[in-house]
Amino acid sequence: MRAAVTRGRGAMEVVGVPEPGAPGPGDVLVAPEAVGLCGSDFHYFTGDIGTIDDPSTLYPRIQGHEAAGMILDVGPDCPAELVAGTRVALWPVGACGTCYACRIGRGNACVRISLIGVHRDGALQERLLVPAAQVFPLGDQDAALAALIEPVSIAVRAVVRGRVAAAERVVVLGAGPIGQALALAATDRGASVLLVDTLASRLARAEGIGADTLEAGGDGDLAAAVREWAGGDGPEVVIEATGVPGLVQQAVEVVAHAGRVVVVGLSADHTPVRVGDLPLKEIDVLGVSCCGAEEFAAAVDLVGRRRNVAAGLVTHEFTLARAPEAIAYAMAHPAEVMKAVVRVDAA
Ligand SMILES: [Zn+2]
Ligand SMILES: [Zn+2]
């Protein structure tokens, strides 16, 4: 069978690899159909992973953590609903079960987290074994749209962490796929959303979501524009989804007293924060790592209900043979590519 193997920094090739074999107890064999590529994949591909000390341990790796596929075979001791021919989305989170985060039910923040497509081989291959607890049936959802469920699941986690409620004003910094998913998840809870980006082409894609948009950059004062939009006391929630460290500082400044700042964007860099804002405003600053199983199920439901919006976010499709071209193209064209999807099932 074929797989797109990342051999080293910036080097991916499609080659033959061994079959995974029959599923053991608690595992299912899945044929990935559609795999989304995202900014995390780009960082892994280029070896720019600030949180991993020794980049030489990254490769070789089969990437792909945003995936939908078809169950081909089911091992012993799996739930009865999982049968061959069921289309599923992959929840990439594997956890140790014993660390503090795991013991309190937050395996998505596990100290030894094992993500499909990051810490172990992912979905850019024709078949892989997955624990049954990490596959979620999709009903009649389209595979390419279902590849969006994983990024949407992060957004669901973010609005849960940020306790986003109806009629609240939520500012989302960054209108890439995660930012779009955040706008979708927050509007779905009845919040008003301002989506901010420097790229007008990305903001234009948010039309169907029902979010207001703000093109930032140049000499514009972001804080003033956000305050004008939110009015009153400022936005109750600000969600950072760009990975630009300085925006965390701005979020702390602009969020309402007793508000929440949710940090989704990854960065290895530092930023100063006016420490007094935390106690004086009594704000919560909350991180988000992937999501829990209930939130993944909620993302399956959300993408299913809002498939018209999801369809507008999948801008490019490539075959598995063209996976190396797909990742290079997506990295080089951020203004044009919202979500590039590799169709593993296409010839
Ligand atoms: Zn991703
Ligand atoms: Zn753990």
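Refer to the structure presented above.
Overview of the structure.

The rules behind these values
- Residues numbered from 1 in each chain as written.
- Chains lettered and ligands numbered in written order.
- Predicted model: local features only at pLDDT ≥ 70, side-chain atom pairs only at ≥ 80, totals over all residues.
- Heavy atoms only, no water.
- Helix = DSSP H or I, 4+ residues; strand = E, 2+ residues; numbered from the N terminus.
- Rg over C-alpha atoms; globule rule 2.2 N^0.38 Å.
- Buried < 20%, exposed > 50% of the residue type's maximum accessible area, 1.4 Å probe, protein only.
- Contact = heavy atoms within 4.5 Å.
- Areas by Shrake-Rupley, 256 points an atom, 1.4 Å probe, with all protein chains shown as cover.
- Core = buried A, V, L, I, M, F, W, Y, C linked by side-chain atoms within 4.5 Å.
- Donors = N, O, S within 2.8 Å, 3.2 Å for Na, K, Ca; no water.
- Pairing = 2+ DSSP bridges.
- Axes fitted to C-alpha atoms, helices over the stretch in contact; angles between N-to-C directions.
- Left-handed = near helix turned anticlockwise from the far one by under 90°.
- Nonpolar A, V, L, I, M, F, W, Y, C, P; charged D, E, K, R; others polar.
- Parallel < 35°, antiparallel > 145°, perpendicular 65-115°, else oblique.

Some details on the overall build of the chain
Of the regular secondary structure elements, the chain holds 12 helices and 18 strands. Over its C-alpha trace the chain gives a radius of gyration of 20 Å, about what one expects of a compact globule, namely 20 Å for 347 residues. A burial count over the chain gives 53% of its 347 residues as buried. A fraction of 69% describes how many contacts in the chain between residues 6 or more apart in sequence connect residues 24 or more apart. A total accessible area of about 14500 Å² is found for the chain, and carbon and sulfur atoms account for 53% of it.

Concerning the side chain of Asn-108
By secondary structure assignment, the location of Asn-108 is in the loop between helix H2 (100-103) and strand E8 (114-115). When near neighbours in sequence (up to four residues on either side) are disregarded, Asn-108 contacts Val-93, Ile-113, Arg-157, Ser-289, Cys-290, Cys-291 and Gly-292.

Considering the nonpolar core
The biggest cluster of nonpolar side chains holds 63 residues, and the ones touching the most others in it are Ile-149, Val-170, Val-262 and Phe-296. Counting residues per element, this core draws most heavily on helix H4 (residues 149-161), at 7 residues. Beyond its immediate sequence surroundings of up to four residues, Phe-296 is in contact with Ala-89, Leu-90, Trp-91, Pro-92, Phe-136, Ile-149, Glu-150, Ser-153 and Cys-291. Among the nonpolar cores identified, the runner-up in size contains 36 residues, and Val-28, Val-35, Phe-45 and Leu-128 belong to it.

So, the coordination of the zinc ion (ligand 2)
For the zinc ion (ligand 2), every protein donor is listed as Cys-96 (SG), Cys-99 (SG), Cys-102 (SG) and Cys-110 (SG), and the spread of their distances is 2.3 to 2.4 Å. The sequence pattern formed by the donor residues of the zinc ion (ligand 2) is C-x2-C-x2-C-x7-C. Of this pair, Cys-96 sits in the loop between strand E7 (93-94) and H2 while Cys-110 sits in the loop between H2 and E8; the two residues are 14 residues apart in sequence, bridging distant segments of the chain.

A short note on the sheet that holds strand E2 (residues 11-16)
Strand order in the open sheet formed by 3 strands is E2-E1-E4, and the pairing between neighbours is antiparallel. In this open sheet, the two strands that pair with only one neighbour each are E2 and strand E4 (61-62). When strand E1 (residues 2-8) meets E2, the two strands line up antiparallel, connected through 6 bridges. Among the inter-strand pairings, Arg-2 is bridged to a residue of E2, identified as Gly-16. The sheet contacts of helix H12 (residues 323-332) involve E1 and E2, and relative to E2 the element is tilted by about 160 degrees.

Structural notes on the coordination of the zinc ion (ligand 1)
Within the protein, the atoms that donate to the zinc ion (ligand 1) are Cys-38 (SG), His-65 (NE2) and Glu-66 (OE), at distances of 2.0 to 2.3 Å. Sequence positions of the residues that donate to the zinc ion (ligand 1) give the spacing C-x26-H-E. When its relative accessible area of 7% is taken as the criterion, His-65 is described as buried. Looking at Glu-66, the relative accessible area reads 2%, which means it is buried.

Quick look at the sheet that holds strand E16 (residues 284-287)
The strand order E13-E12-E11-E14-E15-E16 describes an open sheet built from 6 strands, whose pairing is parallel. A single partner strand is all that each edge strand has here, and the edge strands are strand E13 (212-215) and E16. Geometrically, the sheet is characterised by an average inter-axis angle of 20 degrees between neighbouring strands, direction not taken into account. Examined bridge by bridge, strand E11 (residues 169-173) and strand E12 (residues 192-197) share 5 bridges and lie parallel to one another. Residue pairing in the sheet places Val-171 in a bridge with Leu-194 of E12. Helix H7 (residues 222-230) rests against E11, E12 and E13 of the sheet, and its axis sits at about 150 degrees to E11.

As for the packing of H4 against helix H10 (residues 293-305)
Packing of H4 against H10 brings their axes to within 8 Å, and their N-to-C directions diverge by 115 degrees. Like other packed secondary-structure pairs, H4 and H10 cross with a definite hand, here right-handed. Listed contacts from H10 to Ile-149, Glu-150, Val-152, Ser-153, Val-156, Arg-157 and Val-160 of H4 are Glu-295, Phe-296, Ala-298, Ala-299, Val-300, Leu-302 and Val-303. Broken down by class, the residue content of the contact of H4 with H10 amounts to 10 nonpolar, 1 polar and 3 charged.

Focus on unusual backbone geometry
Of note, the bond from Tyr-59 into Pro-60 is cis; its omega dihedral lies within 30 degrees of zero at -5 degrees. By secondary structure assignment, the location of Pro-60 is in the loop between helix H1 (39-46) and E4. Positive phi, close to 75 degrees, is recorded for Ala-167, a residue that is not glycine. Its place among the elements puts Ala-167 in the loop between H4 and E11. Look at Ala-167 and you get exposed, because its relative accessible area is 65%. The phi dihedral of Cys-290 falls on the positive side, at around 50 degrees, and the residue is not glycine.

Some words on the packing of H7 against helix H8 (residues 246-254)
Orientation of H7 relative to H8, taken along the N-to-C sense of each, is 40 degrees, at an axis distance of 10 Å. Comparing the axis directions of H7 and H8 gives the class oblique. The two elements H7 and H8 cross, and the hand of that crossing is right-handed. Along its contact with H7, which presents Leu-222, Ala-223, Val-226 and Arg-227, the element H8 presents Leu-247, Gln-250, Glu-253 and Val-254. Tallied by class, the residues present in the contact of H7 with H8 amount to 5 nonpolar, 1 polar and 2 charged.

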